[in-house]
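Read off the chains here:
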Amino acid sequence: MAQNLLFFVDEGGFEDFTSLFVEQGFAVDFENSQRKAAKLAKKNTYQVLVAEFSHNPEFRDRVSNIESLLATLEVKSPQAKIVILYDELNQPQLNQLKARYKMNTTLKFPINQDLLRQAIS
């Protein structure tokens, strides 16, 4: 049985890693809407989440774009490996989020595919 991976991209501008995930044996759900990604996370069980982290200072009650997605996965797929892709400029905000949510691996842009492959295996 294939393992399920949720790939959430918010702003993009980097390589699509879907083929790498499929090569590693995952059934991939790709989403670029945070709300739709959270819906998928409520409906399905995932072994891995690969999510792009972004921070917008206009977020009033949140640090990032992925908080509700991480909270949903904590409940629905608590065993999931969490891999976060981020821009080094957002390191302070990512550190805040790390204090509240489980993250197995954080990879900064540009993403090294070998490190990503290791993180999802």
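The shown structure was predicted, so the numbers you read here are calculated from the model rather than taken from an experiment.

### Considering the sheet that holds strand β1 (residues 3-8)
Okay, so step 1: Spatially, β2-β1-β3-β4-β5 is the arrangement adopted by the five strands of the open sheet, whose pairing is parallel. Across the chains shown, the open sheet's two edge strands, defined by having one partner strand only, are β2 (26-31) and β5 (105-108). Averaged over all pairs of adjacent strands, the angle between their axes in this sheet comes to 15°, without regard to strand direction.
Okay, so step 2: As defined by bridge partners, strand β3 (residues 48-52) adjoins strand β4 (residues 81-86) across five bridges and the pair is classed as parallel. When the sheet's bridge partners are listed, Val-50 is paired in β4 with Val-83.
Okay, so step 3: Lying over the sheet, helix α2 (residues 34-43) contacts β1 and β2, oriented at roughly 165° with respect to β1.

### Notes on helix α4 (residues 91-98)
Okay, so step 1: Buried within α4 we find Gln-93, Leu-94 and Leu-97. Taken down its axis, α4 places every buried residue within 100° of arc, on the same side.
Okay, so step 2: Of the surrounding elements, those touching the buried residues of α4 are α3 (67-76), β4 and β5.

Thresholds applied
- Residues numbered from 1 in each chain as written.
- Predicted model: local features only at pLDDT ≥ 70, side-chain atom pairs only at ≥ 80, totals over all residues.
- Heavy atoms only, no water.
- Pairing = 2+ DSSP bridges.
- Helix = DSSP H or I, 4+ residues; strand = E, 2+ residues; numbered from the N terminus.
- Axes fitted to C-alpha atoms, helices over the stretch in contact; angles between N-to-C directions.
- Contact = heavy atoms within 4.5 Å.
- Buried < 20%, exposed > 50% of the residue type's maximum accessible area, 1.4 Å probe, protein only.
- Arc of directions from axis to C-beta.

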